[in-house]
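# Structural description and commentary
Chain by chain, the residues run as shown.
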Amino acid sequence: MNNEQSNVRSLSLTAADKDYLRELVQWSISTYFEGAHTLDDNTVPKPESPLLKQELGAFVTLKKNGNLRGCIGNVVGQGPLYLTVAYMARAAAFEDPRFPQVSETEFAYLSTEISIMGPITLCPDTDLIEIGTHGLIMQHGANSGLLLPQVAQEWNWDRNKFLEQTCIKAGLKPDMWKNPATKIYWFEAYIL
């Protein structure tokens with residue numbers, strides 16, 4: 001995991017940057033329905049902002065009536081942010097194994113959320129975890145699970161419940177966060 005320190009929540013995204021990313025999610029999914037099943041640097045509309053060309057991880061979340069409908073992401077950047085968002089939008093709509101593929105009719109009723117990932121580091125002390133600020137990754141052996149910062153806030157969880165739920169997401173018993181062999185990583189995310 002990345003040990004670099006920075007505060008992703010202080011990214012200087014302009015209104016135009018945010019609009020571009022939101023429109024990109026819509027474009028990525030809509031063009032799939034139109035038959036354009038391949039995404040690459042030649043097909044995705046390029047942003048003007050250099051910030052959106054930085055290598056940052058991102059998650060795209062789809063919701064229907066406030067309920068999760070799909071969420072897929074890359075924890076760390078593996079290419080320009082704008083391409084990651086385009087790929088993750090498609091993946092959230094058509095590849096999330098928890099849900100059937102989004103239909104074109106249904107897509108009109110979905111809301112979208114983009115989470116731009118900050119650096120991921122080992123959490124030095126679980127007492128420092130702030131609900132709504134930090135996301136968590138729980139790792140024990142081959143098991144790993146991630147919850148974005150907004151999840152705990154949306155469910156009104158306290159710190160212990162957030163730790164327990166991240167364990168459950170990793171396929172672990174709820175109290176495994178207390179096990180010294182369990183690694184707890186934390187990160188911040190810029191949510192739009």
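Please read all numbers here as calculations on a predicted model, not as lab measurements. (Residues numbered from 1 in each chain as written. Predicted model: local features only at pLDDT ≥ 70, side-chain atom pairs only at ≥ 80, totals over all residues. Heavy atoms only, no water.)

### Notes on the pairing of strand S3 (residues 110-117)
In terms of burial, S3 is a largely internal element, six of the eight residues being buried. Relative to S3, strand S1 (residues 58-64) runs antiparallel, the two being bridged by seven bridges. Bridging across to S3, Val 60 finds its partner in Ile 114. Summarising the sheet, S3 and strand S8 (residues 189-191) pair through three bridges and their orientation is antiparallel. Across the sheet, Ile 116 pairs through a bridge with Tyr 190, a residue of S8. (Buried < 20%, exposed > 50% of the residue type's maximum accessible area, 1.4 Å probe, protein only. Helix = DSSP H or I, 4+ residues; strand = E, 2+ residues; numbered from the N terminus. Pairing = 2+ DSSP bridges.)

### A look at the packing of helix H1 (residues 15-33) against helix H2 (residues 81-94)
Helix-helix packing: each pair is described by the crossing angle between the helix axes and the interaxial distance. The contact between H1 and H2 brings their axes to 9 Å, and the two run at 50°. Classed by the angle they form, the pair H1 and H2 counts as oblique. Two packed elements cross with a definite hand, and for H1 against H2 that hand is right-handed. The residues of H2 that touch H1, namely those facing Tyr 20, Leu 21, Leu 24, Val 25, Ser 28, Ile 29, Thr 31, Tyr 32 and Phe 33, are Tyr 82, Val 85, Ala 86, Ala 89, Arg 90, Ala 93 and Phe 94. Along the lines of polarity and charge, the residues of the contact of H1 with H2 split into 13 nonpolar, two polar and one charged. (Axes fitted to C-alpha atoms, helices over the stretch in contact; angles between N-to-C directions. Parallel < 35°, antiparallel > 145°, perpendicular 65-115°, else oblique. Left-handed = near helix turned anticlockwise from the far one by under 90°. Contact = heavy atoms within 4.5 Å. Nonpolar A, V, L, I, M, F, W, Y, C, P; charged D, E, K, R; others polar.)

### Re the sheet that holds strand S7 (residues 183-187)
Across the sheet, four strands lie side by side as S4-S7-S5-S6; this open sheet has antiparallel pairing. Pairing within the sheet leaves two strands with one partner each, and these edge strands are strand S4 (121-122) and strand S6 (143-147). The sheet contact formed by S4 and S7 spans two bridges and is antiparallel. Bridge assignment links Leu 122 to a residue of S7, and that residue is Tyr 185.

Geometry only, nothing functional implied.
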